[in-house]
Amino acid sequence: RVCFNFFNFFYKSLKMSIFFNVFIKTIALFLSIISIIIIISLFVSFFSDRNNNFAVLEGDESSSNVIAIIELNGIIVHTTSEISKLTNRFIISPNDVKNNLEKIIEISPKVIIFKINTPGGTVSASKKLYDIIKNFKKNNNIDIYIHTYELLASGGYWVATAADGIYASYGSIT
């Protein structure tokens, strides 16, 4: 009977050992995959061509009739770190929009069109984005229009009221 108990204990210990071995290997594989994804994301983010902010989509590059299109997708919130931008590409940051508007002055557009798809965001971030667009419009002789193709709600609509006009595609929710 003592021999049977010893073998029973040994068999259960062996099963638990195999379980923990497989469990640890699975966790290690999962963490390795996540680490590789994070490293690749950081590499792409830091070594991408950041000086090429603008591209000519149609027309003549030497034309003085420039229309700038800024596409904004996601929720409107304050962000300051590069890591948060990597983890969630669907964030509209007022500071990022302000930086883009400052860079757009270089190409002297006659019109800026914001293509917005947003359910809104925080009150403070929406107000700041509204103020940024309103002040930019006041300080520059550039018409600003808002176009939504899917969703323009809450704080997003508030931001849109700072523009010269709001346009919506058929079926969009405004």
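Residues numbered from 1 in each chain as written. Predicted model: local features only at pLDDT ≥ 70, side-chain atom pairs only at ≥ 80, totals over all residues. Heavy atoms only, no water.

(A) Local environment of helix α3 (residues 94-104). Along α3, the positions that sit buried rather than exposed are Pro94, Val97, Leu101 and Ile104. The buried side chains of α3 occupy one side of the element, clustering within an arc of 80° when seen end-on. (Buried < 20%, exposed > 50% of the residue type's maximum accessible area, 1.4 Å probe, protein only. Helix = DSSP H or I, 4+ residues; strand = E, 2+ residues; numbered from the N terminus. Arc of directions from axis to C-beta.)

(B) Structural view of the pattern of salt bridges. This structure, assessed with the given rule, holds 2 salt bridges. For Lys127, the salt bridge goes to Asp131, with nearest N and O atoms at 2.8 Å. Here Lys127 and its partner Asp131 are both found in helix α4 (residues 123-139), 4 residues apart, which amounts to about one turn of the helix. (Salt bridge = Lys/Arg side-chain N within 4 Å of Asp/Glu carboxyl O.)

(C) Fine view of the packing of α3 against α4. Packing of α3 against α4 brings their axes to within 9 Å, and their N-to-C directions diverge by 15°. Relative to α4, the element α3 is oriented roughly parallel. For the element pair α3 and α4, the recorded crossing hand is right-handed. Mapping the contact onto sequence places Pro94, Asn95, Val97, Lys98 and Leu101 in α3 and Ala125, Lys128, Leu129, Ile132 and Phe136 in α4. Of the residues belonging to the contact of α3 with α4, the class tally is 7 nonpolar, 1 polar and 2 charged. (Axes fitted to C-alpha atoms, helices over the stretch in contact; angles between N-to-C directions. Parallel < 35°, antiparallel > 145°, perpendicular 65-115°, else oblique. Left-handed = near helix turned anticlockwise from the far one by under 90°. Contact = heavy atoms within 4.5 Å. Nonpolar A, V, L, I, M, F, W, Y, C, P; charged D, E, K, R; others polar.)

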